[in-house]
Amino acid sequence: QQPVQSPQAVILREGEDAVINCSSSKALYSVHWYRQKHGEAPVFLMILLKGGEQKGHDKISASFNEKKQQSSLYLTASQLSYSGTYFCGTEISGNTGKLIFGQGTTLQVKP
Amino acid sequence: EAQVTQNPRYLITVTGKKLTVTCSQNMNHEYMSWYRQDPGLGLRQIYYSMNVEVTDKGDVPEGYKVSRKEKRNFPLILESPSPNQTSLYFCASSYTYNQPQHFGDGTRLSIL
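This report concerns the structure included in the present document.

Structural notes on the pattern of salt bridges
Okay, step 1: Scanning the entire structure with this criterion turns up five salt bridges over all chains.
Okay, step 2: Each of the salt bridges in this network shares a partner with another, and the network as a whole consists of Arg-36, Asp-38 and Arg-44 of chain B.

What about the sheet that holds strand 7 (residues 61–65) of chain A?
All names here are of chain A.
Okay, step 1: The strand order across the open sheet built from four strands is 1-3-8-7, with neighbouring strands paired in antiparallel fashion. With partners counted over all chains shown, the strands left at the sheet margins are strand 1 (4–6) and strand 7, one partner each. Within the sheet, the average angular offset between the axes of one strand and its neighbour, ignoring direction, is 15°.
Okay, step 2: Sheet analysis places strand 7 next to strand 8 (residues 70–75), joined by five bridges and oriented antiparallel. Looking at strand 8, one finds that Ser-63 is bridged to Ser-72.

Notes on the nonpolar core
Okay, step 1: Formed by 23 residues in total, the largest nonpolar core has its most connected members in Trp-33, Leu-73, Leu-75, Tyr-86 and Leu-107 of chain A.
Okay, step 2: Sorting the residues of this core by element identifies strand 2 (9–13), strand 3 (18–23), strand 4 (30–36), strand 5 (43–49), strand 7, strand 8, strand 9 (84–91) and strand 11 (105–110) of chain A as the ones contributing at least two each.
Okay, step 3: One finds Leu-19, Cys-23, Met-32 and Ile-111 of chain B within the second-largest nonpolar core, a separate group that totals 19 residues.

What counts, and where the lines are drawn
- Residues numbered from 1 in each chain as written.
- Chains lettered and ligands numbered in written order.
- Predicted model: local features only at pLDDT ≥ 70, side-chain atom pairs only at ≥ 80, totals over all residues.
- Heavy atoms only, no water.
- Salt bridge = Lys/Arg side-chain N within 4 Å of Asp/Glu carboxyl O.
- Pairing = 2+ DSSP bridges.
- Helix = DSSP H or I, 4+ residues; strand = E, 2+ residues; numbered from the N terminus.
- Axes fitted to C-alpha atoms, helices over the stretch in contact; angles between N-to-C directions.
- Core = buried A, V, L, I, M, F, W, Y, C linked by side-chain atoms within 4.5 Å.
- Buried < 20%, exposed > 50% of the residue type's maximum accessible area, 1.4 Å probe, protein only.

This is the structure in structure tokens:
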């Protein structure tokens, strides 16, 4: 049931773009994205709800394809501060509060 | 300051010795949740609570207990800890389950 994130790791130069994917074998009600820097707690980025409502970060965008049961996080013109591990959390049962997170994607942005 | 506070931050203990990790939030959030984080496995939800007196199992509840007697507190109880519960634990809260979660700083547990 754990969603699969891809790629597992990516290295970028400042200013480059990246896409992180999150795929589920189950139908999704919502997808939650978090970023965690080394030694710190996860920090909220984005929530995408079934039906298209999006709540989140104005410098990072995301898509939610309900039919394909997947979400993608788009990081454009990456900055050094984007480095960290990105997690997607999926809600596969509506209105329960249960979240299943992926294994994470490590992003490293170099100068 | 709005925050989620976990205690202790670090604990080394022995197998079988009951322990409690406390979690408290000052944001009047309805939803609270516990996660464990292990290398390569991401965040795994242990238990969550949609509101006071309402708790439910996450993906990995075995060996853990929780209670939610007050809105602000959500302690995690390990009745008989075992070495496979050595991990980094996070408590999080949000207004509802579909709102941004605020995470505590984490508790690193080592069970020998």
